[in-house]
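So you can see what is in the structure, the chains are spelled out below.
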Amino acid sequence: MATWSAPGKVFLFGEHAVVYGKPGIAMAIRPRVYVTVRHSKRPLSVSSPYIQSCFTEMGVTGSVYINSQIPSSSGLGSSAAVTVATLCAINDEFQLEKTREEIADMAFAIEKKVQKGRASPTDTTVSSYGGIVLITGTSRRRLPPVNLHLVIGDTLVSHSTSQMVEQVAEMKKQHPEIINPVIDAIEGVTMSAIHHLNNQKELGRYMDMNHGLLDALGVGHPALSRLVLTARMAGAFGAKLTGAGGGGCMIAICPKALKHRVAKAIEGHNARALVTGIDTEGARKEKNV
Ligand code: PMV
């Protein structure tokens, strides 16, 4: 029996622009997914296509137990974390000796297959390695970790990443003269933010700018705007939607002393709040329970 865990993720900067080859910054966060795999001759019967694909790709049969602390379908990378942790647990249980890089690549291939070609390597990279990752096109570079005080607000409004990506593509086609400069401006914000990762106040200002630009791309939502404003009014340094938008989650970067106040303010608006921070470890082996 082998148990492994992997973290979720948030986009700090650059979502949507990354689809057009611009840089994006994502960070691994605490809640994790825990996966236990055990040898078994019986064929696996699970409804998750991600887990099914992990066993098929690794060429083994076994049983699996999942304990996820990451809310699913909220843009916090739960499917990538499940995939990475399952591959690592299979690798360990069956002594397949795959490297972390091979696992990250396999996890991306599985996400891509299950999501019918619509996946970026962001989630699986961040979940595999942890910390902060700069993504540009197909290249991924780890940035030095910093201790940010984040509050995530989940609007509980369901959204579809592929639909939001398509919507931006359509806007870009219809109004290239407006949308292209917005995407370039997001790139500007991301590139500037890289140099201020240690300055939370400054990062907050960049988050505010990034949120305005995402709104201009049409991926905002009244519930997101409400939480973003609420967080700022409660003392956050800055706040923005995170991930695909149109619902899902926002993040706020806060002074340490105010993070619980910001979370409480968010919860006052029919939303779920999560006080979190960086997870510098990616996938890791856990004690069997
Ligand atoms: O829905 P999420 O959090 O996985 O974020 C999607 C981010 C996009 O840039 C919109 C798409 C992508 O694949 O990078």
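Residues numbered from 1 in each chain as written. Predicted model: local features only at pLDDT ≥ 70, side-chain atom pairs only at ≥ 80, totals over all residues. Heavy atoms only, no water.

A look at the pairing of strand β5 (residues 139-143)
Thinking step 1. The sheet contact formed by strand β4 (residues 132-136) and β5 spans five bridges and is antiparallel. Paired with T136 across the strands is S139, a residue of β5.
Thinking step 2. Linking β4 to β5, which pair antiparallel, is a turn of two residues; within it G137 sits at a positive phi near 55 degrees. (Pairing = 2+ DSSP bridges. Helix = DSSP H or I, 4+ residues; strand = E, 2+ residues; numbered from the N terminus.)

Description of the side chain of S127
Thinking step 1. With respect to the helices and strands, the residue S127 is situated in helix α4 (residues 122-129).
Thinking step 2. Using a relative accessible area of 1% as the deciding quantity, one classes S127 as buried.
Thinking step 3. Within the structure, the side chain of S127 is placed 2.8 Å from the backbone oxygen of P7, a separation counted as a polar contact.
Thinking step 4. S127 has contacts with A6, P7, A80, A81, V84, G282 and A283, leaving out every residue within four places of it along the chain. (Buried < 20%, exposed > 50% of the residue type's maximum accessible area, 1.4 Å probe, protein only. Polar contact = N/O pair within 3.5 Å; in protein donor to acceptor, adjacent residues only side chain to side chain. Contact = heavy atoms within 4.5 Å.)

So, the nonpolar core
Thinking step 1. Judged by nonpolar contacts, the single largest core of 81 residues is most densely connected at V10, L12, F13, M27, M250, V262 and I266.
Thinking step 2. Mapping this core onto the domain boundaries places at least three of its residues in each of domain 1 (2-145) and domain 2 (150-276).
Thinking step 3. When sequence neighbours within four positions are dropped, the list of residues in contact with V262 reads V151, A231, A234, A236, A252 and C254.
Thinking step 4. Counting residues in hydrophobic clusters, the runner-up holds five residues, among them A26, A28, V126 and I135. (Core = buried A, V, L, I, M, F, W, Y, C linked by side-chain atoms within 4.5 Å. Domains from an automatic or database assignment.)

Some points on the layout of surface pockets
Thinking step 1. One number sums up the size of the largest pocket: a volume of about 1300 Å³.
Thinking step 2. Lining of the largest pocket is provided by 48 residues; of these, Q115, R118, A119, D123 and T161 occupy positions nearest its centre.
Thinking step 3. Elements with a minimum of two residues in the lining of the largest pocket: β1 (2-13), β3 (62-68), α2 (78-93), α3 (100-114), α4, β4 and α5 (161-174).
Thinking step 4. Looking at the lining of the largest pocket, its residues break down into 17 nonpolar, 23 polar and eight charged. (1 Å grid on protein atoms, 1.4 Å probe; cavity = no way out; pocket = protein on both sides within 12 Å on 5 of 7 lines; lining within 4 Å. Points joined across faces, edges and corners; volume = space filled by probe spheres on them. Nonpolar A, V, L, I, M, F, W, Y, C, P; charged D, E, K, R; others polar.)

Here's the deal with the sheet that holds strand β8 (residues 249-253)
Thinking step 1. One open sheet accounts for four strands, arranged β7-β8-β6-β9; its pairing is antiparallel. Each edge of the open sheet carries a strand with a single partner, namely β7 (238-242) and β9 (272-276). Taking the axes of each pair of neighbouring strands and ignoring which way they run, one obtains an average angle of 20 degrees across the sheet.
Thinking step 2. Note: strand β6 (residues 150-154) against β9, five bridges, orientation antiparallel. Residue V151 lies in a different strand from β9, and its bridge partner there is V275.
Thinking step 3. Each of β7 and β8 touches helix α7 (residues 200-216); the most contacted strand, β7, lies at about 45 degrees to it. (Axes fitted to C-alpha atoms, helices over the stretch in contact; angles between N-to-C directions.)

Points about the site of the ligand
Thinking step 1. Lining the immediate surroundings of the ligand are 13 residues, of which K9, H16, G75, T161 and G243 lie closest.
Thinking step 2. Within the contact set of the ligand, an oxygen atom lies 3.0 Å away from a backbone nitrogen or oxygen of G75.
Thinking step 3. A total of 380 Å² of accessible area belongs to the ligand in isolation, and the protein chains cover 89% of it.
Thinking step 4. At a threshold of 2 Å from the grid points, most atoms of the ligand map onto the largest pocket.
Thinking step 5. For the shell around the ligand, the secondary structure elements donating two or more residues are β1 and α5.
Thinking step 6. For the shell around the ligand, the domains that each give at least three residues are domain 1 (2-145) and domain 2 (150-276). (Near = heavy atom within 4 Å. Areas by Shrake-Rupley, 256 points an atom, 1.4 Å probe, with all protein chains shown as cover. Sits in = over half its atoms within 2 Å of the grid points.)

As for the domain arrangement of the protein chain
Thinking step 1. Parsing the protein chain into structural domains produces domain 1 (2-145) and domain 2 (150-276).
Thinking step 2. Taken over C-alpha atoms, the centre of domain 1 sits 23 Å from the centre of domain 2.
Thinking step 3. On the domain 1 side of the contact with domain 2, F13, H16 and Y20 bury the most area, a combined 28% of that side's loss.
Thinking step 4. For the pair domain 1 and domain 2, the number of links is 10 residue pairs in polar contact (both at pLDDT 80 or more).
Thinking step 5. With six residues, the top contributor of residues to the side of domain 1 that touches domain 2 is strand β2 (residues 24-39). (Buried area = accessible area lost by both parts, 1.4 Å probe.)

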